Each structure stands twice: as C-alpha cells, then as structure tokens.
Amino acid sequence: MNRIFLLGRLVRDPEVRVTPTERTVCTFTLAVDRPFTAKNGQREADFINIVTWNKTAELCGNSLLKGQRALVEGRLQIRSYDDKDGNRHWITEVIADRIEFIERKGSGSSAPSSQGSTPSPSGNAQNQGGMESFGSPMGFDEEIPF
C-alpha cells in the first residue's frame with residue numbers, strides 16, 4: 001500500500017499550468033516539521049513537492065497561498081530522468097488526490113476540503129483543528145519553518 005498524509009505550510013504560491021492534452025496540473029512545495037528539534041533547539045522541516053491534477057489542481061491554484069497550512073493525502077512517487085548530458089536525476093514527489101485547506105485564503109480560520117469533484121465526507125463541518133474527516137480533533141501550533 002502506498003498512502004501518505006502530510007500536514008505542513010506552503011513554501012510559495014502554487015504553480016498551475018495546462019498540459020498539451022488539456023489536463024490541469026498544480027505543483028507546490030509543502031514544509032513539514034520533523035517531530036524533533038535539532039541540537040541547537042531549532043525545529044527542522046522537510047520540503048516535499050506536491051502534484052495535483054484536474055479539478056483538485058484548479059482548486060489548489062485558486063485557494064492556496066504561501067504560508068497557509070494544508071493537509072495532503074496521496075501516494076509517494078519516485079521517478080528518474082536523464083538530462084541532456086546523460087546524468088540521471090531522481091525526483092521524489094507526492095501525487096495528491098485529496099487536500100484539506102486548513103486555513104482559508106486571507107484568513108486563519110478553517111475551510112472545507114478539496115478532493116476534485118468529490119465532496120468531503122465531513123461536508124462543511126469542521127472541528128477546531130479543521131480535520132474532522134481524518135478522525136479525532138487535532139489542534140496544531142505550527143510556525144512557518146522558513
């Protein structure tokens with residue numbers, strides 16, 4: 001089973017483009033805090049590339065901004081390619097099929113989720129952590145790691 005859940009903050013605004021086959025794709029990077037602190041007491045983060053497609057891509061491009069928190073559900077994908085000089089490059093990314101918008105555009109309050117054309121199992125009802133559809137209420141006290 002290849003399933004991943006990530007909660008973090010966007011490092012920059014999402015980039016949306018349309019492929020030659022008329023499919024919408026949105027890419028963004030999520031800063032996800034590590035569960036421990038470094039020797040100097042600072043929190044560290046991993047910067048994970050996220051890719052969404054079609055309706056979910058459109059919603060992410062229209063709803064997410066740098067610094068906002070988002071919960072991403074998807075699958076981990078590792079691919080490689082050879083550049084023009086023959087060097088092999090590896091890319092690790094999450095192909096997201098569901099995004100929970102933890103904060104609305106321009107505010108710090110909770111918002112409904114994005115899952116393409118499928119409505120959220122929790123509808124518009126959100127608990128104090130904004131993650132009712134993922135189980136028990138969770139409150140998060142995160143700082144932007146950049």
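Reading guide: rules and limits
- Residues take numbers from 1 onward in each chain, read along the sequence in its written order.
- With pLDDT at 70 or above as the cut-off, local features in this predicted model cover only qualifying residues; side-chain atom pairs require 80 or more to be listed or tallied, and sums for whole chains, interfaces and linings still use all residues.
- The side-chain numbers reported here are obtained from all heavy atoms of the structure, hydrogens and water having been left aside.
- UniProt positions are given in the numbering used here, feature names are shortened, and annotations may be inferred rather than shown by experiment.
- The rule for pairing is simple: two strands pair if DSSP sees at least two bridges between them.
- Comment: elements are numbered from the N terminus, with helices defined as DSSP H or I runs of at least four residues and strands as E runs of at least two.
- N or O atoms closer than or at 3.5 Å make up a polar contact, with two conditions inside protein: a donor-capable atom paired with an acceptor-capable one, and, for residues adjacent in sequence, both atoms drawn from side chains.
- A residue's pLDDT is simply how confident the predictor is in it, with values from 0 to 100.
- In this description, contact between two residues means that some pair of their heavy atoms is separated by no more than 4.5 Å.
- Put simply, a patch holds well-exposed residues, over 30% relative accessible area, that have no salt bridge, with like charges counted together within 9 Å and Val, Leu, Ile, Met, Phe, Trp or Tyr side chains within 5 Å.
- Here, Shrake-Rupley sampling with a 1.4 Å probe gives the accessible areas, and only protein chains in the shown set may cover a residue.
- Only one rule defines a salt bridge in this text: a Lys or Arg side-chain nitrogen within 4 Å of an Asp or Glu carboxyl oxygen.
- Centre distance within 6.5 Å is the pairing criterion for rings of Phe, Tyr and Trp, where only the six-membered ring of Trp is used; planes under 30 degrees apart are then read as stacked, over 60 as edge-to-face, and the remainder as tilted.
- Charge-over-ring placement is defined geometrically: NZ (Lys) or CZ (Arg) within 6 Å of the ring centre, and within 35 degrees of the ring normal.
- For the purposes of this section, nonpolar cores are sets of buried Ala, Val, Leu, Ile, Met, Phe, Trp, Tyr and Cys residues that join through side-chain atoms within 4.5 Å.
- Note on classification: 1.4 Å probe, protein chains only; a residue is buried when its accessible area is under 20% of the maximum for its type, exposed when over 50%, partly exposed between these limits.

Within an unreviewed UniProt entry, the label attached to the protein chain reads Single-stranded DNA-binding protein, and the organism entered is Acidaminococcus intestini. UniProt annotates the protein chain under Function (unreviewed entry) with the comment "Plays an important role in DNA replication, recombination and repair. Binds to ssDNA and to an array of partner proteins to recruit them to their sites of action during DNA metabolism." We quote the UniProt Subunit (unreviewed entry) comment for the protein chain here in full: "Homotetramer."

J.: For this particular structure, what's the right way to read the pairing of strand E3 (residues 24–37)?
T.: By the bridge criterion, 2 bridges tie strand E1 (residues 4–10) to E3 in an arrangement that is antiparallel. In the sheet register, Arg-9 faces E3, and the bridge partner there is Ala-31. Across 4 bridges, strand E2 (residues 15–18) lies against E3 in antiparallel orientation. Along E3, the bridge assignment pairs Val-16 with Cys-26. Remark: 5 residues form the turn of the hairpin made by E2 and E3, two consecutive strands paired antiparallel; Glu-22 in that turn has positive phi of roughly 70°. Across 10 bridges, the pairing between E3 and strand E4 (residues 43–53) is antiparallel. The residue bridging Ala-31 from the neighbouring strand is Phe-47, located in E4.

J.: Please clarify how unusual backbone geometry should be interpreted in this entry.
T.: The phi torsion of most residues other than glycine is negative, and most of the peptide bonds are trans. Positive phi is not limited to glycine here, since Glu-22 has a value of about 70°. Assignment of secondary structure puts Glu-22 in the loop between E2 and E3. Phi at Asn-54 is positive, roughly 60°, even though this residue is not glycine. By the element assignment, Asn-54 lies in helix H1 (residues 54–63).

J.: For this particular structure, what's the right way to read the side chain of Glu-100?
T.: Mapped onto the secondary structure, Glu-100 falls in strand E6 (residues 88–101). Within the structure, Glu-100 has its side chain in polar contact with the side chain of Arg-98 (distance 3.1 Å).

J.: Please explain the confidence of the model for the protein chain as it appears in this structure.
T.: Looking at the protein chain, the pLDDT average stands at 79 and 71% of residues meet or exceed 70. In the model, residues 108–114 has pLDDT below 50 throughout and makes 30 contacts with residues more than four positions away in sequence or in other chains. This model gives residues 116–141 a pLDDT under 50, and the stretch forms 45 contacts once residues within four places in sequence are excluded.

J.: Even after reading the chapter, I still don't get a nonpolar patch on the surface, so can you show me in this structure?
T.: Taken together, the side chains of Leu-76, Ile-78 and Trp-90 make up a nonpolar region of the molecular surface, amounting to roughly 350 Å² of accessible area. Secondary-structure assignment places Trp-90 in strand E6.

J.: Quick question: what am I supposed to make of the packing of aromatic side chains here?
T.: Two measures describe an aromatic ring pair: the distance that separates the ring centres and the angle between the ring planes. Applying the stated criterion across every chain, the model contains 0 aromatic pairs. When the ring centre of Trp-53 is taken as reference, the NZ or CZ atom of Arg-23 above it lies at 4.5 Å.

J.: Please explain the nonpolar core as it appears in this structure.
T.: Nonpolar side chains in soluble globular proteins generally cluster together in the buried interior. In terms of nonpolar packing, the biggest core is built from 18 residues, with Leu-6, Phe-28, Leu-30, Ile-50, Val-72 and Ile-99 touching the most fellow members. For this core, the elements supplying multiple residues, two or more each, are E1, E3, E4, H1, strand E5 (69–82) and E6.

J.: What exactly am I supposed to notice about the environment of Glu-58 here?
T.: Relative to the assigned elements, Glu-58 resides in helix H1. Distance in space between the C-alpha atoms of Glu-58 and Val-16 is 7.4 Å, their sequence separation being 42 residues.

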